[in-house]
Amino acid sequence: MRALLLALSPFALHASGVTVTKSVLQGETVRIEASGLDAVAARMNGKPVPLFRQPDGVMLGLMPVKVLGEPGEYDLELLSKDGEVVHSEPVTVGDADFPVQNIVATKQMKSLTTTPDERAAIAALKKAVTPRRYWQDHFRKPTPQCQNSPFGVQRYHNGKPSGNFHGGLDLRSPAGTPIHAAADGVVKISKVFRLHGGTIGIDHGQGLTTLYIHMSKLAVAEGRRVRQGDIIGNVGSTGFATGPHLHWAVYVHGEPVNPAQWLEKTPVRCGQ
């Protein structure tokens, strides 16, 4: 997968001072940079996202592409504060060709369901759009071990379709392995949930959040400011988990996106 700064390219670059990612796969992120235009938002396939002014004056926005969205060509529109289209760019969304994975779930695992508090906390994290930007390119992989389940995998449970896809990366790590914050941010969730187990959620600002679940230990409290690389907890197998591992998810304006795209190097698959 491609790192956001370098590999969300090639960019479409124009004299108007607009750069957008020309092509992405399902579940990836389109990066938008605009200057010299009265643009405060962007819209693609009916989804609007805000643009945020950066210290250098450039307006930056992140447009998530749905995992189950149709491949094809879409118009990415830049909008003024009055909602008028001030610029438009074509973006090609390619087929990610996600694989299928079967999970052998025990009776106990299948009995686990989310609580109202758990659903509310996760939903609030996904919707967070803090004006301040904490994150920088590139993200750090939270644990150094290999990847045993990639993003977007179509999940089967005991040989039957679950109707769900894998909304993050699973990193196969020994129990107790320290987990590091992928980027700077503010801890919004530090709780033990029924389905997700030990959970940390971090708001990185401007519509970008990360989630770390199945943890055996939580090392940071809600409201704490963390820096990239800070230890936020330890690997476990709590909640709906078949063994010790870290499930790491990245959300852009509420949509799950491929975490590998935010890393400098593609995570190595276990067994390679």
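Residues numbered from 1 in each chain as written. Predicted model: local features only at pLDDT ≥ 70, side-chain atom pairs only at ≥ 80, totals over all residues. Heavy atoms only, no water.

Caption draft 1: Layout of the pattern of salt bridges. Counted according to the given criterion, the structure contains six salt bridges. Asp184 serves as the salt-bridge partner of Arg227, at 3.5 Å between the closest nitrogen and oxygen. One end of the pair, Arg227, is in the loop between β20 (225–226) and β21 (231–235); the other, Asp184, is in the loop between β16 (178–180) and β17 (185–193), and 43 residues separate them in sequence. Overall, Arg227 belongs to the partly exposed group, its relative accessible area being 47%. One salt bridge in this structure joins Lys191 and Glu222, with 2.6 Å as the shortest N-O distance. Linking Lys191 in strand β17 with Glu222 in the loop between β19 (208–218) and β20, this pair joins segments that are 31 residues apart in sequence. Judged by relative accessible area, Glu222 falls into the partly exposed class, the value being 39%. Sharing partners across several salt bridges, the network here consists of Arg31, Glu33 and Asp137. (Salt bridge = Lys/Arg side-chain N within 4 Å of Asp/Glu carboxyl O. Helix = DSSP H or I, 4+ residues; strand = E, 2+ residues; numbered from the N terminus. Buried < 20%, exposed > 50% of the residue type's maximum accessible area, 1.4 Å probe, protein only.)

Caption draft 2: Fine view of the sheet that holds strand β5 (residues 41–44). Across the sheet, which stays open at both edges, the five strands sit in the order β3-β10-β9-β5-β6 with mixed pairing between neighbours. Both outer strands of the open sheet, β3 (23–25) and β6 (47–50), are each paired with one neighbouring strand and no more. Across the sheet, the axes of successive neighbouring strands diverge by a mean angle of 30°, strand direction being ignored. Here strand β9 (residues 72–79) pairs with strand β10 (residues 85–94) via eight bridges, running antiparallel. The residue of β10 that forms the bridge with Asp75 is Pro90. (Pairing = 2+ DSSP bridges. Axes fitted to C-alpha atoms, helices over the stretch in contact; angles between N-to-C directions.)

Caption draft 3: Looking closely at the environment of His247. Within the element layout of this structure, His247 appears in strand β22 (residues 246–252). His247 sits in the buried class, given a relative accessible area of 11%. Distance from His247 to Gln147, taken between C-alpha atoms, is 9.9 Å for residues 100 residues apart in sequence. Residues within four places of His247 in sequence aside, it is in contact with His166, Gly167, Gly168, Leu169, Asp170, Leu211, Tyr212, Ile213 and His214. Of the polar contacts made by the side chain of His247, one reaches the side chain of His166; its length is 3.1 Å. There is a polar contact of 3.1 Å between the side chain of His247 and the side chain of Asp170. (Contact = heavy atoms within 4.5 Å. Polar contact = N/O pair within 3.5 Å; in protein donor to acceptor, adjacent residues only side chain to side chain.)

From the geometry alone we can't say anything about function, so treat these as descriptive.
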